[in-house]
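Observations on chain architecture
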Amino acid sequence: MTIVYDDHEGQITDVPVRRIRFTVNGEKKIAEVEPRLLLAHLIRRGLGLTGTHMGCDTTNCGACTVLVDGRPVKSCTMLAVQADGHEISTVEGLASASELHPLQEGFREEHGLQCGFCTPGMMLAAKALLDENPDPSEEDVRWALSGNLCRCTGYQNIVKSVLWAAAKLRAEAGEA
Amino acid sequence: MYPSRFRYEAPRSLDEAISLLHDGGDYVKVLAGGQSLVPLMKLRFASPELVVDINNVPGLSYHRAQSDGSLHIGALCRHAELERSGLLKTTQPTMAAAAPLIADPIVRNRGTLVGSLCHADPQGDWASVVLALGGSVVASGPRGTRTIPLAGFVTGPFQNVLEPDEIAVEAVIPAAQGARSGGYLKLERRVGDFATVGVAVALETSGGKVIRAGIALTGVGGSTIGATEAAQALTGQPLTAETIEQAAELAAQAARPRTDHRGSADYKRHMVRTFVLRLLSRGETAETAERAA
């Protein structure tokens, strides 16, 4: 990733840059990052994966939620260098080339989004829940999503969407 | 928002981490979960020259009971692990009650109990819990290891007694002498908010009497408050309506709340009293049930 600095004439700015290796949505990557770069910025600018949204930038809203080794993390509150050796999953990794992930289908079927800004974070937090608990109660879903804020929906349809996806995933697992 | 520029090291052993801190200059910070430090750095409230990330140091993720009955929580044990812990559910009622109330579920995947103690936020929940339980922090540095009781660890808002080249490696909760009971109640405007008021109660009872009591308050003063007079009033006594009432009153008097956007000082003091009453009345109920059985 290109980083541009002010040229103070005669003064050479010593910029510490570290090389990291990590995986994004199953693809291996190498990046050179300044330690102060946030994971959210590495994902959005370095990788061009702008499905990860920056909302509050203060660890409150959860719009920037990604999965790090399968667990949801607010990517505005983790340094990019800390991704070294870890697996990152973003919303772009949910769908396959030909079909949507059941969570994405669920959000469409149950009208789980209006403006859509919180949706990627919601879906990743929900994915982590369903990976661990395929048959969650409504209460489980609400609890798991309590770190993600939505200002449009009142959460009702988001919860329904996740329960829809859970049912579909269970049906698929039953068929398999 | 970006943190200001800093040097970053990710040592692979505790010794290496300590020597990096020792040689690291005037302003060094240890990074564990980062759920308080990274936001502070983004807001430029903290601008360390060197950040020593201990996430690659092996053997710090544990929480386990020792043979003497004490509980040890390593510096990289995340809130989420404590929330899911069967050990806490069966042996540590105050901790088990607090674990799901720390921040929000996503923050709990990264943040650590030991980091929360070090951060020493007056609104931090774990400090009250560990204080009520009479716990300590174990710190390692170039001059060896020392154990610091939590009552003497936090010196003020966001301040602790660690030397710049010391790392808090674990928290220790001492073994119980009697049957443990207690809990943690937190008033928050919404999930994930800081406590408007939090109250931790940790009791040990034997023969129908309280043999050890700890009561600590979150968010109602410049630092975590140990309501020691309230705890002393219970010690050696059975839990009765009178002793409970007295302890709740003393705890409310120990609070030093300020009026702010979360509520008035009077309201917060009232909530301290209410929470102590509720937590202790549960203990009374348990005792009654035990005696009836």
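Please read these numbers as outputs of a predicted model, since none were measured by experiment.

Structural notes on the overall build of chain B
- In terms of regular secondary structure, chain B is built from 12 helices and 14 strands.
- Against the 2.2 N^0.38 benchmark of 19 Å for 293 residues, chain B shows a C-alpha radius of gyration of 19 Å, consistent with a compact globule.
- Principal axes of the C-alpha set define a box for chain B whose edges measure 60 × 45 × 30 Å.
- Going through the 293 residues of chain B one by one, you find that 55% of them count as buried.
- Here the contacts in chain B between residues at least 6 apart in sequence split such that 65% fall between residues at least 24 apart.

With respect to the domain arrangement of chain A
All names here are of chain A.
- If you check the domain split of chain A, you get domain 1 (18-93) and domain 2 (102-175).
- On a C-alpha basis, the centroid separation for the pair domain 1 and domain 2 is 21 Å.
- Contacts between the two partners involve 17 residues from domain 1 and, on the opposite side, 13 residues from domain 2.
- Listing elements by their share of the side of domain 1 that touches domain 2, those giving two or more residues are β3 (65-68) and β4 (71-74).
- Element by element, the count of residues in the side of domain 1 that touches domain 2 is highest for β3, at 3 residues.

Here's the deal with the nonpolar core
- Of all hydrophobic cores here, the largest spans 144 residues; its most connected members are Leu 117, Ala 251 and Val 276 of chain B.
- The element best represented in this core is helix α3 (residues 119-132) of chain A, accounting for 8 residues.
- Those residues within four positions of Leu 117 of chain B in sequence are excluded, and the remaining contacts are Trp 126, Ala 127, Val 130, Val 137, Leu 150, Phe 153, Ala 168 and Ala 171 of chain B.

Remarks on the domain arrangement of chain B
Residue and element names in this part refer to chain B.
- For chain B, the assigned domains are domain 1 (7-53), domain 2 (63-173) and domain 3 (179-292).
- Once you take the C-alpha centre of each, domain 1 and domain 2 turn out to be 19 Å apart.
- Domain 1 puts 12 residues into the contact, and the matching count from domain 2 is 19 residues.
- Secondary structure elements with two or more residues in the side of domain 1 that touches domain 2: α1 (14-22) and β2 (28-31).
- Considering each element in turn, the side of domain 1 that touches domain 2 owes the most residues, 5 residues, to α1.
- Broken down by class, the residue content of the side of domain 1 that touches domain 2 amounts to 7 nonpolar, 5 polar and no charged.

Here's the deal with the interface of chain B and chain A
- Chain B puts 22 residues into the contact, and the matching count from chain A is 24 residues.
- Elements that contribute at least two residues to the side of chain B that touches chain A include exactly β1 (7-9), α2 (37-42), β3 (50-53) and α6 (105-108) of chain B.
- Ranked by residues supplied to the side of chain B that touches chain A, first place goes to α6 of chain B with 3 residues.
- A class-by-class count of the residues in the side of chain B that touches chain A yields 12 nonpolar, 5 polar and 5 charged.

Here we look at helix α11 (residues 241-254) of chain B
- Across its 14 residues, α11 of chain B extends 20 Å between first and last C-alpha, which sits within 8% of the 20 Å expected from 1.5 Å per residue.
- Three or more residues of α11 of chain B are buried, namely Thr 243, Ile 244, Ala 247, Ala 248, Leu 250, Ala 251, Ala 252 and Ala 254 of chain B.

So, the environment of Glu 249 of chain B
- Turning to its location among the elements, Glu 249 of chain B is positioned in helix α11.
- Taking the C-alpha atoms as reference, Glu 249 of chain B lies 6.1 Å from Arg 273 of chain B; in sequence the two are 24 residues apart.

Brief notes about the sheet that holds β2 of chain B
Residue and element names in this part refer to chain B.
- The strand order β1-β3-β2 describes an open sheet built from 3 strands, whose pairing is parallel. Both edges of this open sheet fall to β1 and β2, since each of them pairs with a single strand only. For this sheet the average axis-to-axis angle between neighbouring strands, irrespective of direction, equals 20°.
- With 3 bridges connecting them, β1 and β3 associate as parallel partners. What sits directly across from Arg 7, in β3, is Leu 50.

Rules used in this analysis
- Residues numbered from 1 in each chain as written.
- Chains lettered and ligands numbered in written order.
- Predicted model: local features only at pLDDT ≥ 70, side-chain atom pairs only at ≥ 80, totals over all residues.
- Helix = DSSP H or I, 4+ residues; strand = E, 2+ residues; numbered from the N terminus.
- Rg over C-alpha atoms; globule rule 2.2 N^0.38 Å.
- Buried ≥ 20, exposed ≤ 12 C-beta atoms within 10 Å, placed from the backbone.
- Contact = placed C-beta atoms within 7 Å.
- Domains from an automatic or database assignment.
- Core = buried A, V, L, I, M, F, W, Y, C linked by C-beta atoms within 7 Å.
- Nonpolar A, V, L, I, M, F, W, Y, C, P; charged D, E, K, R; others polar.
- Expected span 1.5 Å × (residues − 1).
- Pairing = 2+ DSSP bridges.
- Axes fitted to C-alpha atoms, helices over the stretch in contact; angles between N-to-C directions.

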